[in-house]
Amino acid sequence: MRGYLIFFLFIVIVTSLGYYSLIHIPDGHVGIVTVTIPTAGSVTVPPRMVRSGLHLSWPWVSAVRLYTTRAQMLNADVPSAR
């Protein structure tokens, strides 16, 4: 019985790590991945850009911000010079 419990816990941990390790970036977006783990010194990790698709990252350590790369049209009414 104890062996089944250990096996079940192992499966749950591996599944949750796999789920939280995947990053999905939709089409028309880019993701900026930053490291969010606090460090003791002044260690800086430069952010990296990921394009659309499925990517792997360290779970609970990195954060992703999505930015749109689609062209947007701005319609503005400009009064005439008369």
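Everything discussed here concerns the structure shown above.
Below, the structure is looked at part by part. (Residues numbered from 1 in each chain as written. Predicted model: local features only at pLDDT ≥ 70, side-chain atom pairs only at ≥ 80, totals over all residues. Heavy atoms only, no water.)

1. A short note on the sheet that holds strand E3 (residues 48–50)
For step 1, the next point in the chain: Taken in spatial order, the three strands of this open sheet run E3-E2-E5, and their pairing is antiparallel. Taken across any chain shown, the strands that pair with only one partner, and hence form the sheet edges, are E3 and strand E5 (62–68). Here the strands of the sheet are splayed against their neighbours by 30 degrees on average, with no regard to which way each runs. (Pairing = 2+ DSSP bridges. Helix = DSSP H or I, 4+ residues; strand = E, 2+ residues; numbered from the N terminus. Axes fitted to C-alpha atoms, helices over the stretch in contact; angles between N-to-C directions.)

2. Some thoughts on the side chain of serine 21
For step 1, the next point in the chain: In this fold, serine 21 is placed in helix H1 (residues 2–21).
For step 2, the next point in the chain: A distance of 2.5 Å separates a polar side-chain atom of serine 21 from the backbone oxygen of leucine 17.
For step 3, the next point in the chain: Among residues more than four places away in sequence, those in contact with serine 21 are His55, Leu56, Ser57 and Pro59. (Polar contact = N/O pair within 3.5 Å; in protein donor to acceptor, adjacent residues only side chain to side chain. Contact = heavy atoms within 4.5 Å.)

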